[in-house]
Structure formats: structure tokens, C-alpha cells
Amino acid sequence: MAGLPPQPPSSLQVYNSYVVDPQWQLKFTTIWCTALGVAIVASLPTFVRSLRNGRSLKGSLGVSEDLRKGGYAAIACEDKPPPLRPRRGAAAIWRSIASVRHWTIPYVGLNVLQTTIVLAYLAVVLVCVIKDAPLISNPNRAGFLAVAQIPIVFLFATKNSILSLLLGPGNGYEKVNYIHRMSGRLMFLSACIHGSLWIRNHLQYGLPILGQQKETSGVATLSVLGIIVLTSLRPVRRLFYQAFFVVHILTFVAFFVTLRYHTMYSQPWIFPALAFFAADALLRFLRYRIKDARLSAPDQLMTFVHIQDCDDGWLAGQHVQLRVFFSSRVFESHPFTILSPPPGRSCFKRSGMILAARVNGDWTRELNTYTRNEQDSSISASEKQASEQRVDVPVHVMIDGPYGGSSVDLGQYETVLLVAGGSGATFTLGLLDDIVYRCVKAGRPDGERTTRIEFVWCIKSFGHIEWFAQMLVDIATLAAGSSLEIHFSIFVTCLCDPEAVPFIPNCDVKLERPSVYMLLCETTGLSPPPSDAEEEKSFLIRSHSGGGVAVCASGPESLAVETRNAVARLGVRNALKLGGVVVHVESFAL
């Protein structure tokens, strides 16, 4: 065109990474923001439904206290079971097809959907790093892409974010944290590509690797990022969690400082990460509560924390970060599931919030030891002989939350299967308490469809049944004679304390390790494959009107994997017959 200077051929043009590579940063950001937008749009029906029933915003400002102290009490309504209508709509079909996505890879912990997301993320990063980039001679593209991933790492790391709200209940920080881990490792991979190729070029042309500010700060940035990744590996997190947490925070501060010295192009990507962190810190500050509490330890493996003046602000199945001011462990906080819904919507005649801390580490062990020592020192020897009941130990606690919760509203499904392993019963017991209250005591105010619940609990010793025996008895007594059928199955894997089996109505105690798939077939009335069926075991086939099945599990990671695979194993055909099958799992793996 006239007036324009002649342009050299593209093969002779010098690659300007400071012009081209930022454009690839924007392309990468556009791709992941678009994918996130699609996920949010797909979650809109769940989000709108949760807004209508009040689940979405529940506890957004933390736990609250009823200053009236019992001004109004819930009135028991007449038990009116709704007519069972088969679920044959688009939602049931979608749930049936989507049940296959729950297949989980053993030892990896990611299901089909999560694995697909990780692989797609990896593919996008590699394409953006490699596409039309002369990495050998100028590896800046990889460095630019490493910086562009900083907002993702922080967005999926914070406990309080608008993302968890928009994705709907049950999709809290603990459910999307795998994206934080994977994006952090791919950021490190991009930084390694960038740094290693630059070091290679310096060695090839005899240039010093250290000395100039850019080179020295770059090596420091890569080293700090390597420390972050290595100390974040699962073995380190499990064995030295507190050290991991402290190193994680301090090294990211150092990472931002060294990165800012290394390149001025990092500034636009650091500010969004700091904004996510600041918003999370502000919301956590608003949700902090310091309360009086009482500790009780029925044995050497369990400690109950009864927090007073907590009357509302959480849903069944949610958890809080607990900090107990005792001994020298005042700076540690740990997550614990709330044992029941708020007092106004619970089957139990108890006030406040109850947490159960199973001894599983040095902190819970020291808490249990402290509680038992204080209980023993508060009563005399004669009082010990006169009564087995120990007095509670008063303490001060700080709670942060609630967080998490179930993504499944049990009231929308005809049949419910709750599976727990060990102290994971705190999650399923809270869900059971909630749905029984809604169906029996509140008279199904939202048209709850649930007619049958199978509660399964796997434990190591018969003596562990006593932890929650009274709660199970209260629920069974309340549901007796109602339109809601509840059956308890307790599986014990070790012949320990066989005489310590309390009476619980409609409960079977068995000395075996169950199969979740077999339990699911038995509960729904489906016949298991001949290869899986035991000759001596006859399944109780129950008629199922196709009102849907909800499966919730909580416990070790192996139980979570088995439950997901059991639901996926049903297949689309059986899921359609049942009116759709949904699953939600909670795992206490770090």
C-alpha cells in the first residue's frame, strides 16, 4: 500500500518476545476465563435453586448467635409423604449420563471429569508455550506463561471466593483445590523450561549465570518456586503440615519479591493474586468467632467439642476451622465437620455446635490427653467410683467458617445411601439429622421426596459405636412409625470389644468389610452381577419408583474412590431406571 515502508520477509524478521509473548499471555487468560465462565453458566440452575431455598448464602458471614435465647421453638407438623413421581425429565437423564464421570483413578484421587480438566489445562499451557516460539534461542514465552498462571493459583487456593459461591453448594475450596495444586506445578514446569534454556544459552556463549540483576533474580525466583512445589508434595503435607503451611506463606512472599526484581512484566499478574488473597483475608476476618466451649473425652480416641452460643449460620455437612486455646498449640487450627444442623433444625435437643475430633495426629492426641487429664483432676477418686460421667473441661476456641457442605439436597431423592468410615460419620450423621428433621418433624416443607435411608458406618472396633450411639437412637426413635424408613448398618473390621454393642433400633452390626457397590445394589433393589453376588447372601429387593438416588460418603480417600466408582459402575441404563443417581464424597486426605 502507498505510504507504508517496505516490510522484510517474516523469515528475516527478528522475534520480539516482549511484543509477541504478552499476546500469548492474553490468549491463555482468555481461554481459561472462558472455560470458567462455561462452568459457572452450567452451574446456574443449581445456584438459582440454592438461592431460593436459602442454602447458597447460608453462613456467608459466619456463625451467628440467637440473642433472644429460645424466643420461638419449631412446631412439629403432620407427617405427609408426597406422592412418588418418577424422575424422567431432562435433569434425570443428565444425572444418569453424568454418573459415568465419577470413575476415579486409584492412587491419583481424580475422577474422569477432574482428569479431563487437568489434561485440557496441560494441553493449553503447552500449546501456548510452544506455538511459533523459538524456545531454544529465546525461551521467554515459557516465562511469560508461568507468570500468567499466578492468578489461577491464587483463585483456586483461597477459602473465600466468589467462585465457590457461583459454582453452588458443595463446591468449596476443598473441591477445587486440585486445580490450585496442578496449576502451581505447571507454573513451575513453565518456569523450569524458561530458566533451564536460558542457563543453557549462557553456558553455550560463555556468559555468567549469576552477577547481573536479571539473571540473579531469575535464579532466585526459580529456586523459591522449586521450594514451594517440593514442600507441597503430599508426603510433606501429611507428615509436616504446619511446617508446610508456614513455608508456603513465607516463600510466596519471597517469590513475589524476587519475581518483581526479575521482570517488570509480572506486575499486572501479581495484583489480581494479591486482590484474591486480600478478599479472602477480609472475609475470614468477618467470619472469625471466639467462643466459650467445653471439652469431653469418652475414651482415648475421641474428643467432643461443644461450642456454646452458636445457634445458626451453617448447613448440615459443613465444617469449620477450629483453634483451641490450650497448652502451647494455640497457633494451630484444623478443620472439623459440624456434627448436626443448627439447633432449630435438628432432631437433637442440644444447643450450640458440636464437633468431634478423632485422634489422628499429634494435635488431636494432645487435645484428647489434655481433656482427659483435666477431667480426672476435676473430680476426686470417690466421685470417679460413684459415677462414670466425667465433667466437661471449659476452654476458649476460635472458629472460622463454615465451609464446604454437600452438593446434594437429599430431599430431592426417594432413596438415600449414607456411607461413612470412622470419624467420617460426623458428615453423614449431620446429613441424616437434617433430612429426618425435614421429613418427620417439619412435615416436608419443601416437598421432600425421601422415603428410605440406609445409613452405613464402617469402624475398627465395636467400642466406637458408643461415640454416636445416642444420636442414632434419637433419630431412629423420631422416625419410628413415620413415612420415612431408616435402617442402620454398622460394619466392624476388627474383633475388638465385642461386648460393647449398645442397642440401636433397626440396626444390624456385622463383623466384615463391606462393598459399597453391593450396598448400593441392595439399597436400590438392583441385582448385582453374578460374579459379584455371594451365594450365601440374599439381597432384599425393594421396589423403586424411580424417584432418584442420592449417595453421600465420608471417610478415608479409599472409601471416597470406591464410592465414586460404585456409582459409575451402575451405568447409564440402571441410573435411568432409578431416576438418576447423584454422589457427593468427603475425604479427610491432605
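See above for the structure.
Residues numbered from 1 in each chain as written. Predicted model: local features only at pLDDT ≥ 70, side-chain atom pairs only at ≥ 80, totals over all residues. Heavy atoms only, no water.

**Q** Please give an account of the overall build of the protein chain that cites residues and values.
**A** Helices and strands together make up the secondary structure of the protein chain, namely 18 helices and twelve strands. Across the protein chain, the fraction of contacts at a sequence separation of at least 24, relative to all contacts at a separation of at least 6, is 76%. Within the structure as shown, the protein chain displays about 28700 Å² of accessible surface, and the carbon and sulfur contribution to it stands at 62%. (Helix = DSSP H or I, 4+ residues; strand = E, 2+ residues; numbered from the N terminus. Contact = heavy atoms within 4.5 Å. Areas by Shrake-Rupley, 256 points an atom, 1.4 Å probe, with all protein chains shown as cover.)

**Q** With reference to specific residues and values, describe helix 4 (residues 112-130).
**A** Here helix 4 contains 19 residues, and its C-alpha end-to-end distance of 27 Å stays within 8% of the 27 Å for a straight helix at 1.5 Å per residue. Where helix 4 is concerned, the buried positions are Gln 114, Thr 115, Val 118, Tyr 121, Val 125, Cys 128 and Val 129. Viewed along the axis of helix 4, the buried residues span an arc of 165°, placing them on a single side of the element. Buried residues belonging to helix 4 abut helix 1 (17-42), helix 5 (140-148), helix 6 (150-155) and helix 8 (173-204). Just downstream of helix 4, Asp 132 is the residue with a positive phi angle, here 55°. (Expected span 1.5 Å × (residues − 1). Buried < 20%, exposed > 50% of the residue type's maximum accessible area, 1.4 Å probe, protein only. Arc of directions from axis to C-beta.)

**Q** Residue-level account of the sheet that holds strand 8 (residues 452-459), with values.
**A** Pairing in this open sheet of six strands is parallel, and the strands run 10-9-8-7-11-12 from one edge to the other. The outermost strands of the open sheet, each flanked by one partner alone, are strand 10 (507-510) and strand 12 (581-587). Taking each pair of neighbouring strands and ignoring which way they run, the sheet shows an average axis angle of 10°. Bridge count between strand 7 (residues 415-421) and strand 8: seven bridges; the pairing is parallel. Within the sheet, the bridge partner assigned to Ala 420 lies in strand 8 and is Trp 457. Along the sheet face, helix 15 (residues 425-441) touches strand 7, strand 8, strand 9 (485-492), strand 11 (549-555) and strand 12 and points at about 160° away from the line of strand 8. (Pairing = 2+ DSSP bridges. Axes fitted to C-alpha atoms, helices over the stretch in contact; angles between N-to-C directions.)

**Q** Before we move on, can you summarise the pattern of salt bridges with the specific residues and values?
**A** Side chains that carry opposite charge are capable of pairing whenever their charged atoms lie near each other. Tallied over the entire structure, the rule returns 16 salt bridges. Across the pair Lys 291 and Glu 65 runs a salt bridge whose closest N-O atoms are separated by 3.5 Å. Placement of Lys 291 in strand 1 (residues 288-296) and of Glu 65 in the loop between helix 2 (44-52) and helix 3 (90-98) is noted, with a sequence separation of 226 residues between them. Look at Lys 291 and you get buried, because its relative accessible area is 11%. Two residues, Glu 454 and Arg 452, come together in a salt bridge whose shortest N-O distance is 3.3 Å. Looking at Arg 452, the relative accessible area reads 8%, which means it is buried. (Salt bridge = Lys/Arg side-chain N within 4 Å of Asp/Glu carboxyl O.)

**Q** Tell me about the pairing of strand 2 (residues 302-307), and please be specific about residues and values.
**A** Of all six residues that make up strand 2, five are buried, and the element is covered over most of its length. Relative to strand 2, strand 1 runs antiparallel, the two being bridged by four bridges. In the sheet register, Ser 296 faces strand 2, and the bridge partner there is Phe 304. Where strand 1 hands over to strand 2, the hairpin turn is made up of five residues, counted between the paired strands. With six bridges connecting them, strand 2 and strand 5 (residues 353-358) associate as antiparallel partners. Of the residues in strand 5, the one forming a bridge with Phe 304 is Ala 356.

**Q** I'd like to hear about the nonpolar core, residue by residue, with values.
**A** One finds Leu 432, Val 436 and Phe 468 to be the most contacted residues of the largest nonpolar core, which totals 50 residues. The dominant element in this core, judged by the number of residues it contributes, is helix 15, at ten residues. If sequence neighbours within four positions are ignored, Leu 432 has contacts with Leu 418, Ile 453, Phe 455, Leu 472, Ile 475, Ile 486 and Phe 488. Phe 28, Leu 110, Phe 255 and Leu 259 belong to the second largest nonpolar core, which has 43 residues in total. (Core = buried A, V, L, I, M, F, W, Y, C linked by side-chain atoms within 4.5 Å.)

**Q** Report on the packing of helix 5 against helix 8, specifying residues and quantitative values.
**A** The contact between helix 5 and helix 8 brings their axes to 8 Å, and the two run at 155°. By the angle between their directions, the pair helix 5 and helix 8 is classed as roughly antiparallel. You can see that helix 5 and helix 8 cross each other, and the crossing is left-handed. Where helix 5 abuts helix 8, its residues Asn 140, Ala 142, Gly 143 and Ala 146 lie against Met 187, Ser 190, Ala 191, Ile 193, His 194 and Trp 198. (Parallel < 35°, antiparallel > 145°, perpendicular 65-115°, else oblique. Left-handed = near helix turned anticlockwise from the far one by under 90°.)

**Q** For empty space enclosed by the protein, give the residues involved together with the corresponding values.
**A** Evaluation of the coordinates by the stated rule reveals one cavity of 30 Å³ or more. In this structure, the largest cavity is lined by Ser 340, Pro 341, Pro 342, Pro 343, Ser 346, Phe 348, Arg 350, Ser 351, Gly 352 and Ile 354. Of the residues assigned to the lining of the largest cavity, the class counts are five nonpolar, four polar and one charged. (1 Å grid on protein atoms, 1.4 Å probe; cavity = no way out; pocket = protein on both sides within 12 Å on 5 of 7 lines; lining within 4 Å. Points joined across faces, edges and corners; volume = space filled by probe spheres on them. Nonpolar A, V, L, I, M, F, W, Y, C, P; charged D, E, K, R; others polar.)

**Q** Give me the lowdown on the environment of Tyr 370, citing residues and values where you can.
**A** Looking at the element boundaries, Tyr 370 is found in helix 13 (residues 362-378). Looking at Tyr 370, the relative accessible area reads 23%, which means it is partly exposed. Spatially, the C-alpha atom of Tyr 370 lies 8.1 Å from that of Phe 326, the residues being 44 residues apart in sequence. Beyond its immediate sequence surroundings of up to four residues, Tyr 370 is in contact with Leu 295, Phe 326, Val 393 and Val 395.

**Q** Now, about the sheet that holds strand 1: what can you tell me, with residues and values included?
**A** Spatially, six strands are ordered 4-3-6-1-2-5 in an open sheet, and the strand pairing comes out antiparallel. Among the strands making up the open sheet, the edge pair consists of strand 4 (334-337) and strand 5. Neighbour-to-neighbour, the strand axes of this sheet turn through a mean angle of 40°, independent of strand direction. The pairing of strand 3 (residues 318-324) with strand 4 spans four bridges and is classified as antiparallel. Following the sheet pairing, Leu 322 is matched in strand 4 by His 334. Contacts between helix 12 (residues 267-287) and the sheet are confined to strand 1 and strand 6 (393-404), with strand 6 contributing the most and set at about 135° to the helix.

**Q** Can you explain the packing of aromatic side chains? Please cite residues and give values.
**A** Evaluation of the coordinates by the stated rule reveals 18 aromatic pairs. Ring geometry for Tyr 241 versus Phe 244: centroids 5.6 Å apart, planes at 55°, classification tilted. In this pair, Tyr 241 and Phe 244 are both assigned in helix 11 (residues 241-262), three residues apart and thus about one turn of the helix distant. Pairing Trp 457 with Phe 468 gives two aromatic rings, centres 5.5 Å apart and planes at 40°, and the pair type is tilted. Linking Trp 457 in strand 8 with Phe 468 in the loop between strand 8 and helix 16 (469-479), this pair joins segments that are eleven residues apart in sequence. Here Trp 457 matches Phe 468 in class, with each residue buried. Across from the ring centre of Tyr 517, 4.0 Å away, lies the NZ or CZ of Arg 569, which sits over that ring. (Phe/Tyr/Trp six-rings, centres within 6.5 Å; stacked < 30°, edge-to-face > 60°. Lys NZ or Arg CZ within 6 Å of the ring centre and 35° of its normal.)

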